[in-house]
Amino acid sequence: MRFKKLLFSLFLASAVLLSSIVKADEGMWIPMLIGKNYEQMKKQGFKLTPEDLYNINKASLKDAIVSFGGFCTGEIVSKNGLIFTNHHCGYDAIADKSTPQDNILDNGFWAKSYGEEKPVEGLFVNFLVRMEDVTAKINAATQGLAEAQKAAAIIEAGNKIAAEATKGTHYEGFVRDFYKGNQYFLYVFEKFNDVRLVGTPPQSIGKYGGDTDNWVWPRHTGDFSVFRVYAGADNKPAAYAASNKPYTPKKFLPISIKGVENGDFAMVYGFPGRTDRFLTSYGVKLATEQVSPTIVKLRDIRLKAWKEEMDKDVATRLRLSSLYANIANYWKYYIGQTEQLKRLKIYEKKQKEESEFNTWAANNPEYANIIDRFNTVYATYAPYAIQRTYVNEGFLASAWVRQAIQAKGIVTNILENKQPEQTKERIETALKAYEETYIASADKKIFAQILSSFYNDVPRTQHPKFYTAIAQNYWTGAPEGTFQKFADFLWEKSIFTDPQRLREFYAKPSLKVLESDPGYQYAINLVPTEYVKNNLTPVLPDFEAAKADLDKVYLKALLEKNKGKLMYPDANSTMRISYGNVQNYSPQDGVTYNILTTIDGVMAKYQPGDDEFDLPQNFIEAYNAKNFGQYAENGTLVVNFITNNDITGGNSGSPVINGNGELIGLAFDGNWEAMSGDIAFDKQYKRTIAVDARYVLWCIDVLGGAKNIINELDIRKASTSSKTKKTATR
Ligand code: ARG
């Protein structure tokens, strides 16, 4: 009886909540709490119940959604554990399986039987078993502690909670903080380590448009790839074994080939990685004026040097292409984010919000001067921000530097015969890092250029002693020649700039040799700990700690200020739902962008032989023959479409789901006009770009000839009546 009463009052509370709800397309909501959004979702066209989305007692949609490798999202689409994700999520695995002789990155690949599927070492998927609010437990564990002791106590309490929750099971768990430490959730998940590549289109389809089209609508990319999760005979997680069986999931998504229309309900279910929606105006200013332009500049240096090498031969291209794509993706991201933060006047908007906040907080001593304190903390740090960016994006960017930093631990272990097994493994890992991405000539060029632009961009008073000594000893009259000369010396002499020399060194290690190695000296003198020791960025640890403390109070205040409204927490790689609609937009006055693109647009951009806009021969043939199979609409083939869902990196590969819980596409990107989205959601411009499920199936079926995959899927076709309902208004 009392329970019913409680439920009723909860219902009333949520009815009140709904009146002041944030606009529904904005927000990355927590599946367990999605009931609070339910009325709004229903109004927008959602036909299922909250229990269909998240339920721990019976199969629900959450059981068909996986964290793919911890960096992307995938969805289960068959009763045999088949997974769809993006091409750019599978990219590393695909490139890794490619050789100049068997080049599946360029040519595509379709396994025609389980036996042909390719195991991917190190790749895993996580299924969410359940989540739970553990804020009270964490708070109890930190009660009465001094501020300085809290962080460690929170980690310890979180580990204990996770250990208790998974005791006696094969599950794993962790606790994550929300609203900058104002709320905590426990996550229990089931991790599968045997994941195999089932198929991929050639990258001329999967990455069509390349970096030119990246982050841009209208778009024409077939950004999908196909994997399968395997389990032991008991259907539980098992290390890779040829005898493992395709996993039988609790739930898989049916696929709709009925097509989409403007205004249709659309939901994205996945694992968004990181947003910074509560960043202050001071943070926006620091990013746009200092940090982001520096990142872009340093990435430019790396990308140009690598591209030169990649164009020389196929083996090098295959070796570097995954790293290159990742660096290029966020190189363009920071360009777009900076441009849009300025265009949409986010700094000014944040200032206005902060002045409103100050008015609200004036009567509350706990919150009264938060904004001023942010100002002080940023003002102290800002003069060092560019130098910091050089360390992270520049000095630490080369694989060999990271190996050099670790070398002392390895050598000590060998000499003292400590942990021989692990040490051997660390050496193998170190040498493998070179095989994967190190190109002596490119790395040398990058090294010299970064050191010399540091000279001009960072005030002399912040140059580390070691750096100043290099500049003096090698001075040629200008920084370019100077650091080139130093690079020549380092690449001739150091054991770390030549993997063969490093291998020989580890076979006969000596601390004396290591400590006098110029590469080792460079690395240990320019890494962050040394900076702090040398007092060059005295403010950095203080800045991070002070900002974290302020963020927590600021969020506490905002939660209080917004009491009674729905307020979603920043993305933190935990499972979220975003709901909204398929929706067109106007990028500028007088222009409207359609909700979808077609294969005609793919052909219009076709440039034979081009890096980014080439197409496979069988694509051209199928296009000319209008061989679109059951996937056609109005005599053409839909390729990509847009929704107003709220997503970010990590959501890549997420299913776009219609009101009936069917897969209609795979989210793979955001649009240029709203690249400021991780910091401020713009209701007018922000769009999710998805690859249409029909294009995915056409590539598998007609181009790939992989009927075996098509036969596994639950494909939902339009009834004739709903087909005729469709109009040409797009
Ligand atoms: N912008 C996409 C994302 O972050 C990744 C696209 C990868 N493609 C590329 N050309 N780098 O999800």
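What counts and what doesn't
Residues numbered from 1 in each chain as written. Predicted model: local features only at pLDDT ≥ 70, side-chain atom pairs only at ≥ 80, totals over all residues. Heavy atoms only, no water. Buried < 20%, exposed > 50% of the residue type's maximum accessible area, 1.4 Å probe, protein only. Helix = DSSP H or I, 4+ residues; strand = E, 2+ residues; numbered from the N terminus. Pairing = 2+ DSSP bridges. Salt bridge = Lys/Arg side-chain N within 4 Å of Asp/Glu carboxyl O. pLDDT = per-residue confidence, 0-100. Contact = heavy atoms within 4.5 Å. Axes fitted to C-alpha atoms, helices over the stretch in contact; angles between N-to-C directions. Parallel < 35°, antiparallel > 145°, perpendicular 65-115°, else oblique. Nonpolar A, V, L, I, M, F, W, Y, C, P; charged D, E, K, R; others polar. Arc of directions from axis to C-beta. Polar contact = N/O pair within 3.5 Å; in protein donor to acceptor, adjacent residues only side chain to side chain. Disulfide = S-S within 2.5 Å. Core = buried A, V, L, I, M, F, W, Y, C linked by side-chain atoms within 4.5 Å. Near = heavy atom within 4 Å. Areas by Shrake-Rupley, 256 points an atom, 1.4 Å probe, with all protein chains shown as cover. 1 Å grid on protein atoms, 1.4 Å probe; cavity = no way out; pocket = protein on both sides within 12 Å on 5 of 7 lines; lining within 4 Å. Points joined across faces, edges and corners; volume = space filled by probe spheres on them.

Participant: Tell me what's going on with the pairing of strand S2 (residues 72-76), and back it up with residues and numbers.
Facilitator: Counted residue by residue, S2 has 5 buried out of 5 residues, so it is predominantly covered. Of the two faces of S2, both are covered, the one formed by Cys72, Gly74 and Ile76 as well as the one formed by Thr73 and Glu75. Here strand S1 (residues 65-68) runs beside S2; their pairing, made up of 4 bridges, is antiparallel. If you follow Val66 over to S2, its bridge partner there is Gly74. Two elements, S2 and strand S3 (residues 82-85), share 2 bridges in a ladder whose sense is antiparallel. Across the sheet, Glu75 pairs through a bridge with Phe84, a residue of S3. The turn joining S2 and S3, which pair antiparallel and follow one another in sequence, is formed by 5 residues; a positive phi near 70° is taken by Gly81.

Participant: Which residues make up the pattern of salt bridges, and what values do they have?
Facilitator: Any two side chains of opposite charge can pair, on the condition that their charged atoms come close. Going through the model one piece at a time under the given rule, you end up with 38 salt bridges. Residues Glu662 and Lys258 are paired through a salt bridge, measuring 3.1 Å at the closest nitrogen-oxygen approach. One end of the pair, Glu662, is in the loop between strand S19 (655-657) and strand S20 (663-670); the other, Lys258, is in the loop between strand S12 (255-256) and strand S13 (265-270), and 404 residues separate them in sequence. Under the relative-accessibility criterion, Glu662 is labelled buried at 4%. Here Glu436 ties to Lys432 by a salt bridge, and the two come within 3.9 Å at their closest N and O atoms. Separated by 4 residues within a single helix, Glu436 and Lys432 lie in helix H16 (residues 420-437), roughly one turn from each other. Overall, the relative accessible area of 45% leaves Lys432 in the partly exposed class. Because the salt bridges share partners, they merge into one network encompassing Lys180, Arg274, Asp276 and Asp570.

Participant: Tell me about the confidence of the model for the chain, and please be specific about residues and values.
Facilitator: Per-residue confidence for the chain gives a mean pLDDT of 93; residues scoring 70 or more make up 93%. The low-confidence segment residues 1-22 (pLDDT under 50) makes 11 contacts with residues lying over four places distant or belonging to another chain. Across residues 721-730, confidence stays below pLDDT 50; counting only partners more than four residues off in sequence or on other chains, it has 14 contacts.

Participant: Residue-level account of the packing of helix H26 (residues 617-624) against helix H27 (residues 693-703), with values.
Facilitator: Put simply, H26 and H27 touch, their axes get as near as 11 Å, and they point 105° apart. It follows from the interaxial angle that H26 and H27 lie roughly perpendicular. Two secondary-structure elements touch here, H26 through Asn618, Phe619 and Ala622 and H27 through Tyr695, Trp698, Val702 and Leu703. Here the residues of the contact of H26 with H27 are counted per class, giving 6 nonpolar, 1 polar and no charged.

Participant: Can you break down helix H20 (residues 499-507) residue by residue, with the values?
Facilitator: Of all the positions in H20, only Leu502, Phe505 and Tyr506 are classed as buried. Looking straight down H20, one finds that the buried residues subtend no more than 95° of arc, so they occupy a single side. Those residues of H20 that are buried lie in contact with helix H15 (399-416), H16 and helix H21 (511-515). The N-capping residue of H20, defined by a side-chain oxygen 2.9 Å from the backbone nitrogen of Gln500, is Asp498.

Participant: Outline the state of the cysteines, supporting the account with residue identities and numerical values.
Facilitator: In the structure shown here, the tally under the stated rule is 1 disulfide. The residue that forms a disulfide with Cys72 is Cys89, at a sulfur-sulfur distance of 2.2 Å. Between Cys72 and Cys89, the S-S torsion sits near -80°, and that sign places the bridge as left-handed. Highlighted residues: Cys72 in strand S2 and Cys89 in helix H4 (residues 87-96), separated in sequence by 17 residues. Cys89 carries the same exposure label as Cys72, and that label is buried.

Participant: Quick rundown of the nonpolar core? Include the residues and the values.
Facilitator: Counting residues in each nonpolar core, the largest one holds 143 residues, and the members touching the most others are Phe84, Met267, Phe619, Tyr695, Leu697, Trp698 and Ile700. Take this core: its biggest share by element is 8 residues, from H27. Each residue touching Leu697, except ones within four places of it in the same chain, is listed here: Phe84, Ile255, Ile257, Tyr631, Val702, Ile710, Leu713 and Ile715. With 55 residues, the next largest nonpolar core counts Leu320, Ala404, Leu431 and Leu451 among its residues.

Participant: Could you give an account of the packing of helix H14 (residues 385-395) against helix H17 (residues 440-457), with specific residues and numbers?
Facilitator: To describe two helices that pack against each other, one gives the angle between their axes and the distance between the axes. Where H14 meets H17, the axes come as close as 11 Å, and the angle between the chain directions of the two elements is 175°. Here H14 is positioned roughly antiparallel relative to H17, judged by the angle of their axes. Facing H14, whose interface residues are Ile386, Gln387, Tyr390, Gly394 and Phe395, H17 presents Ile450, Leu451, Ser453, Phe454 and Asp457. For the contact of H14 with H17, the class distribution of residues is 6 nonpolar, 3 polar and 1 charged.

Participant: Give me the lowdown on the environment of Pro420, citing residues and values where you can.
Facilitator: Tracing the sequence through the fold places Pro420 in helix H16. Sequence spacing of Pro420 and Ile410 is 10 residues, and the spatial spacing of their C-alpha atoms is 9.8 Å.

Participant: Can you tell me about the site of the ligand, naming the residues and giving the values?
Facilitator: Near the ligand you find His88, Lys207, Gly210, Asp211, Asn214, Trp215, Ala325, Asn329, Ser652, Phe668 and Asp669, and these make up its full shell. One of the side-chain nitrogen or oxygen atoms of His88 is found 3.1 Å away from an oxygen atom of the ligand. Separating a nitrogen atom of the ligand from a side-chain N or O atom of Asp211 is a distance of 3.2 Å. In isolation the ligand offers 350 Å² of accessible surface; the protein chains occlude 93% of this area. Each residue belonging to the shell around the ligand can be placed in one class, and the counts come to 3 nonpolar, 5 polar and 3 charged.

Participant: I'd like a rundown of empty space enclosed by the protein, residues and numbers included.
Facilitator: Considering all chains together, one arrives at 3 cavities of 30 Å³ or more under this definition. Considered as a void within the structure, the largest cavity measures approximately 50 Å³ in volume. Split into classes, the residues belonging to the lining of the largest cavity amount to 6 nonpolar, 2 polar and no charged.

Participant: Tell me about unusual backbone geometry, and please be specific about residues and values.
Facilitator: A cis amide bond links Trp217 to the next residue, Pro218, at an omega of 5°. Backbone geometry places Trp215, a non-glycine residue, at a positive phi of 65°. Relative to the helices and strands, Trp215 resides in the loop between helix H9 (210-213) and strand S10 (225-231). Although it is not a glycine, Ser573 sits at a positive phi angle of roughly 65°. When you line up the elements, Ser573 lands in the loop between helix H24 (540-561) and strand S14 (576-581).

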